Amino acid sequence: MDKILQMTVQSQKPTMRQQASKIFMQYLVEYPMGKKRLENHLKQVVLNIKYEYEDGRISALELLNAIINKLPLPLLEEYTQLIFLPLVLQLVNDDSKTCRERAGECITLLLSRLSTQVLQSLHEYAERWSDSRSDKKLQRTSVQLFGLFVEARSDFMKKNGRIEKLLSVISRGLYDEIGDVDQTDVLIAEHNWEMVYYCLQTIEKIGSNTQSVLWKDIDLWVMIIRCLAHSHPWVQLIASRSIYSHFSSCKVEHFENIQNNAASMLIRIPGSLFEIARNLCFELNSEDHRQSDEIIEMAIKNLSWVIKIMDKHPNLCYKSKDMLDVSGEVDDEDENNDDNPNDHAKNPVTWLMTRLSNIAKKPGSVRREAIFKCFAAFATFCDAEIIGNHLELMMEPLQRVINETEAREESMAFTNKFTNNANQSEISVELPSEVLNLLEEKCGTELFIKTLAKIKSKAREKREERKHRIAVEAVQDPEAAAKRKLAKHQKEKNRKKRRIEERKISRGVLTKKPRHIVN
């Protein structure tokens with residue numbers, strides 16, 4: 001039987017490992033054996049979860065999961081310590097994501113089967129580790145375990161104030177990582193993202209079981225809102241999900257008239273609605289390589305809810321009764337940013353639309369696509385009055401992308417007749433065109449045409465003004481004009497080179513590696 005157990009991790013064939021695990025499991029459950037032999041077999045199974053190769057560790061963890069599930073409860077409680085601590089070590093230290101997930105599943109199943117007395121002894125481990133302020137890894141481990149406790153035995157955690165104590169541990173952990181960092185800094189605590197992530201993961205599990213407890217902790221919500229501006233995408237995503245979960249439990253139509261909403265953090269934290277909107281804009285304004293579909297989707301869902309509550313209850317955006325704090329919402333490097341805090345301080349919806357419009361004017365296909373999808377969501381879920389009042393702000397970046405694409409098609413029509421470049425351009429125009437159609441249906445054709453004519457007129461005036469300024473500069477400052485021409489030619493050269501590389505990648509052509517690079 002020792003040979004069979006060895007095959008469960010060492011065999012190269014998955015079917016062989018599975019068959020060996022079934023045979024050993026049947027032997028362990030049905031064959032009568034003494035305490036010492038049973039203990040030796042369990043020790044070997046636990047030892048196998050540290051096997052050198054990932055496939056073997058996964059097989060060992062699956063076998064251990066089956067043992068936890070099938071072993072009689074008295075025996076399981078007797079050998080709990082033997083099983084629990086090695087699983088915790090694998091949960092924290094294993095390099096494989098799959099193995100960590102399997103270890104978490106084993107711990108969750110173990111906790112779900114144990115009696116309250118044994119469960120309390122394991123919970124005390126996590127409590128002691130959470131008090132270890134000098135060891136960050138132990139604190140992180142305790143937070144992970146607390147999340148598994150909430151997931152597996154919410155009934156146990158709700159008793160004796162354990163949830164409240166856990167929330168204080170999470171608040172302390174979050175504050176130690178990001179509490180002293182300015183909310184407008186989008187690069188906060190990147191090197192310590194794991195502790196923040198697991199704290200938010202545990203919060204999400206608490207919210208799915210006892211949401212009313214979360215509503216009371218204002219300091220915790222301040223940290224969650226701040227985590228929207230974290231640099232790590234996992235932290236951004238889970239913070240967005242927590243915010244959206246809170247929004248889903250509120251009613252926009254009669255927000256201040258619903259008794260439960262009186263406890264909402266939007267009312268109890270002045271200016272929190274604005275902070276959420278600003279941090280979500282930070283997410284959408286990230287570089288293309290930092291964007292992900294999940295983050296964009298959650299940001300759009302949250303902003304679609306935020307803009308409606310901004311329109312009905314703009315006072316929730318104010319930190320004080322007199323003004324809206326709009327510090328940090330403007331990018332200095334955005335040349336087209338006409339967002340003046342003084343102009344929009346009394347209208348949060350106008351500020352949000354202006355902010356999104358300016359983000360969409362920046363280069364970056366993923367960034368622009370995210371904003372356009374956001375506009376499409378607004379056109380679908382918001383009232384026509386909101387769309388009509390801000391139609392120009394929404395249409396301007398959409399029309400700009402269409403004009404840029406059409407100009408690019410014309411300039412490359414002769415050189416790329418028989419390539420797939422035209423198809424790529426048509427795909428890039430498809431989304432803004434669809435969004436424009438949605439806006440026209442929402443606000444009416446007459447207003448849409450007037451706004452479109454106004455946008456084209458403004459663009460034409462800007463072009464003429466720019467041409468006049470360049471002509472004047474050529475006469476008054478020839479040296480600056482020459483530098484401008486050189487910079488323009490270099491920019492065009494870089495643009496052509498980039499497009500050639502993009503076309504090669506789209507055709508599956510790989511660039512040749514230098515000879516001095518050795519694989």
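All values derive from a computational prediction rather than experimental measurement.

Reading guide: rules and limits
- Residues numbered from 1 in each chain as written.
- Predicted model: local features only at pLDDT ≥ 70, side-chain atom pairs only at ≥ 80, totals over all residues.
- Heavy atoms only, no water.
- Helix = DSSP H or I, 4+ residues; strand = E, 2+ residues; numbered from the N terminus.
- Buried < 20%, exposed > 50% of the residue type's maximum accessible area, 1.4 Å probe, protein only.
- Contact = heavy atoms within 4.5 Å.
- Areas by Shrake-Rupley, 256 points an atom, 1.4 Å probe, with all protein chains shown as cover.
- Phe/Tyr/Trp six-rings, centres within 6.5 Å; stacked < 30°, edge-to-face > 60°.
- Lys NZ or Arg CZ within 6 Å of the ring centre and 35° of its normal.
- Expected span 1.5 Å × (residues − 1).
- Salt bridge = Lys/Arg side-chain N within 4 Å of Asp/Glu carboxyl O.
- Axes fitted to C-alpha atoms, helices over the stretch in contact; angles between N-to-C directions.
- Left-handed = near helix turned anticlockwise from the far one by under 90°.
- Nonpolar A, V, L, I, M, F, W, Y, C, P; charged D, E, K, R; others polar.
- Disulfide = S-S within 2.5 Å.
- pLDDT = per-residue confidence, 0-100.
- Polar contact = N/O pair within 3.5 Å; in protein donor to acceptor, adjacent residues only side chain to side chain.
- Patch = residues over 30% accessible without salt bridge, like charges linked within 9 Å, V, L, I, M, F, W, Y side chains within 5 Å.
- Lys, Arg positive; Asp, Glu negative; His and termini not counted.
- Charge placed at Lys NZ, Arg CZ, Asp CG, Glu CD.

J.: When you look at the overall build of the chain in this model, what are you seeing that I'm missing?
T.: Scanning the chain from N- to C-terminus turns up 26 helices and 0 strands. In the chain, buried positions account for 47% of the 519 residues. Summarising the internal contacts of the chain: among those between residues at least 6 apart in sequence, 69% fall at separations of at least 24. Taken as a whole, the chain presents about 27,900 Å² of accessible surface, with 51% of it coming from carbon and sulfur.

J.: For this particular structure, what's the right way to read the packing of aromatic side chains?
T.: Aromatic ring pairs: the centre-centre distance and the angle between the two ring planes describe each pair. A complete count under the given rule lists 12 aromatic pairs for this structure. Members of the aromatic cluster, each reached through a chain of ring pairs, are Trp193, Tyr197, Tyr198 and Trp234. Sitting over the ring of phenylalanine 156, arginine 162 keeps its end group 3.8 Å from the ring centre.

J.: Any chance you could explain helix H20 (residues 348-360) here in plain terms?
T.: Because an α-helix packs 3.6 residues into every turn, residues spaced three or four apart end up facing the same way. Given a rise of 1.5 Å per residue, 13 residues ought to cover 18 Å, and the 18 Å separating the end C-alpha atoms of H20 matches this to within 8%. Of all 13 residues in H20, 13 are buried; the element is thus mostly enclosed.

J.: Hey, could you run me through the pattern of salt bridges in this one?
T.: Should the charged atoms of two oppositely charged side chains come close, the side chains can pair. On inspection of all chains with the given rule, the structure shows 19 salt bridges. Of the charged contacts in the structure, one is a salt bridge between arginine 368 and glutamate 404, with a shortest N-O distance of 3.1 Å. On the criterion of sequence distance, the pair formed by arginine 368 in helix H21 (residues 365-381) and glutamate 404 in helix H23 (residues 391-411) is long-range, its members being 36 residues apart. Accessibility expressed as a relative area gives 34% for glutamate 404, which makes it partly exposed. Residues lysine 450 and glutamate 446 are paired through a salt bridge, measuring 3.5 Å at the closest nitrogen-oxygen approach. In this pair, lysine 450 and glutamate 446 are both assigned in helix H25 (residues 445-476), 4 residues apart and thus about one turn of the helix distant.

J.: Looking at this structure, I do not really get unusual backbone geometry. What am I missing?
T.: Most of the time, phi is negative for any residue but glycine, and the peptide bond is trans. Located in the positive-phi region is asparagine 160, a residue other than glycine, with phi close to 60 degrees. Take asparagine 160: it is sitting in the loop between helix H10 (154-157) and helix H11 (162-178). Given the relative accessible area of 61%, asparagine 160 is considered exposed.

J.: It is not clear to me how the packing of helix H9 (residues 136-152) against H11 should be interpreted in this structure. Could you clarify?
T.: The relative placement of two packed helices is expressed as an angle between their axes plus a distance between the axes. With their axes 11 Å apart at the nearest point, H9 and H11 run at an angle of 140 degrees to one another. Seen along the crossing, H9 lies across H11 with a hand that is left-handed. Residue-level inspection shows Lys136, Gln139, Phe146 and Val150 of H9 in contact with H11, the latter providing Ile163, Leu166, Arg172, Asp176 and Glu177. In terms of residue class, the contact of H9 with H11 is made up of 4 nonpolar, 1 polar and 4 charged.

J.: Any chance you could explain the state of the cysteines here in plain terms?
T.: One covalent bond between the sulfur atoms of two cysteine residues makes up a disulfide. Counting across every chain of the model gives 0 disulfides. The cysteine cysteine 382 is free of any disulfide, with cysteine 374 supplying the nearest cysteine sulfur at 8.8 Å. With relative accessibility at 1%, the residue cysteine 382 sits in the buried group.

J.: When you look at the confidence of the model for the chain in this model, what are you seeing that I'm missing?
T.: Predicted coordinates in areas of low pLDDT are best not read in detail. Model confidence for the chain is summarised by a mean pLDDT of 81, while 84% of its residues fall at 70 or above. The low-confidence segment residues 322-344, where pLDDT is below 50, has 45 contacts with residues more than four positions distant or belonging to other chains. Low confidence marks residues 418-427, where pLDDT is under 50. Its contacts with residues over four positions away, or in another chain, come to 10 contacts.

J.: Hey, could you run me through the packing of helix H17 (residues 272-284) against helix H18 (residues 293-312) in this one?
T.: Running from N to C, H17 and H18 point in directions that differ by 150 degrees, and their axes come no closer than 10 Å. Classified by chirality, the crossing of H18 by H17 is left-handed. Contacts from Leu273, Phe274, Ile276, Ala277, Leu280, Glu283 and Leu284 of H17 reach H18 at Ile295, Ile296, Ala299, Asn302, Leu303, Val306, Ile309 and Met310.

J.: What should I look at first to understand helix H15 (residues 233-248) in this one?
T.: In this model, H15 (16 residues) spans 22 Å end to end at C-alpha, consistent with the 22 Å of a helix rising 1.5 Å per residue. Among all positions of H15, only Val235, Gln236, Leu237, Ile238, Ala239, Ser240, Ser242, Ile243, His246 and Phe247 are buried. Among the structural elements, helix H12 (193-209), helix H13 (211-216), helix H14 (218-227), helix H16 (265-268), H17 and H18 are those in contact with the buried residues of H15.

J.: Teacher, can you tell me more about the side chain of arginine 153 here?
T.: The residue arginine 153 is located in the loop between H9 and H10 in this model. A polar contact of 3.2 Å, which involves the side chain of arginine 153, links it to the backbone oxygen of leucine 111. In this structure, arginine 153 is in contact with Leu111, Ser112, Leu114, Thr116 and Leu119, ignoring residues within four places of it in sequence.

J.: Help me out: how do you make sense of a positive patch on the surface in this one?
T.: Positive charge collects at one region of the surface, where Arg460, Lys462, Arg463, Arg466, Lys467 and Arg469 lie side by side. By the secondary structure assignment, arginine 463 is in helix H25.

J.: Would you explain the environment of glutamate 127 in this entry?
T.: Its place among the elements puts glutamate 127 in helix H8 (residues 116-130). In sequence terms glutamate 127 and glutamine 139 are 12 residues apart; their C-alpha atoms lie 9.3 Å from each other.

J.: Please explain the environment of glutamine 120 as it appears in this structure.
T.: Tracing the backbone shows glutamine 120 in helix H8. Sequence separation between glutamine 120 and phenylalanine 156 is 36 residues; the distance between their C-alpha atoms is 8.8 Å. Leaving out residues up to four positions away in the same chain, glutamine 120 has contacts with Phe156 and Arg162.

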